[in-house]
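Chain and residue survey
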Amino acid sequence: VQLQASGGGLVQVGGSLRLSCAASGISSVNVLGWYRQAPGRERELVAEITTDGSTNYADSVKGRFTISRDNAKKQVYLQMNSLRPGDTAVYYCSSHRGGLNYIMGRTYWGQGTLVTVSS
């Protein structure tokens, strides 16, 4: 399984960014998601999506971020709006079998892309 994330960068408070992740070698039943890790903090779930489009979001991003996927292209996206300094982190795309909030087996990770929100 390979996951290649892109789209990070520097943005001002209130701005928007769209992250993309191309997946290869995954089963069509995998859950795709985005996690983030800020300096000195643990990696945390941002959002995840199943093949049928069911989603799960962290409370801190609800109403601001939208996760989507293109099953044919095996890509997952994260549209981030109304960005805040607290959103600054390295964002990782992920893939696992199972369901929302349920991981069966191992989680596969992309290489991470840095998002910096300046005030």
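Before reading on, note that the structure itself is shown above.
My aim in this report is to walk through the structure given alongside it, one point at a time. Being a predicted model, the structure only gives us computed values, none of them experimental.

Rules used in this analysis
- Residue indices follow the written sequence of each chain, beginning from 1 at its first position.
- For this predicted model, a pLDDT threshold of at least 70 governs which residues receive local features, and a threshold of 80 or more governs which side-chain atom pairs are given and counted, while totals over whole chains, interfaces and linings are taken from all residues.
- Side-chain descriptors were evaluated using all non-hydrogen atoms of the structure, hydrogens and water having been removed beforehand.
- Two aromatic rings from Phe, Tyr or Trp, using only the six-membered ring of Trp, form a pair when their centres are within 6.5 Å; if the ring planes differ by under 30 degrees the pair is stacked, by over 60 it is edge-to-face, and anything between is tilted.
- Strands are runs of DSSP state E lasting at least 2 residues, helices are runs of H or I lasting at least 4, and numbering of each runs from the N terminus.
- Three exposure classes are used, based on accessible area relative to the maximum for each residue type with a 1.4 Å probe and protein chains only: buried under 20%, partly exposed in between, and exposed over 50%.
- Pairing between two strands requires that DSSP report at least two bridges joining them.
- Only C-alpha atoms enter the line fits that serve as axes; for helices the fit covers just the stretch in contact. Angles between N-to-C directions range over 0 to 180 degrees.

What follows covers the packing of aromatic side chains. A full pass over the atoms with the stated rule returns one aromatic pair. Here Tyr 35 and Trp 109 contribute two aromatic rings whose centre-to-centre distance is 4.9 Å and whose plane-to-plane angle is 80°, an arrangement assigned as edge-to-face. Of the two residues, Tyr 35 is situated in strand β4 (residues 31–37) and Trp 109 in strand β10 (residues 102–109); the sequence distance between them amounts to 74 residues. Using a relative accessible area of 13% as the deciding quantity, one classes Tyr 35 as buried.

On to the sheet that holds strand β8 (residues 75–80). The four strands lie next to each other as β1-β3-β8-β7, forming an open sheet whose pairing is antiparallel. Either end of the sheet is taken by a strand with one partner, and the two such strands are β1 (2–6) and β7 (65–70). Each strand of the sheet is rotated relative to its neighbour by a mean of 15°, with strand direction disregarded. Two elements, strand β3 (residues 17–24) and β8, share six bridges in a ladder whose sense is antiparallel. Note that in β8 the partner of Leu 17 across the bridge is Met 80.

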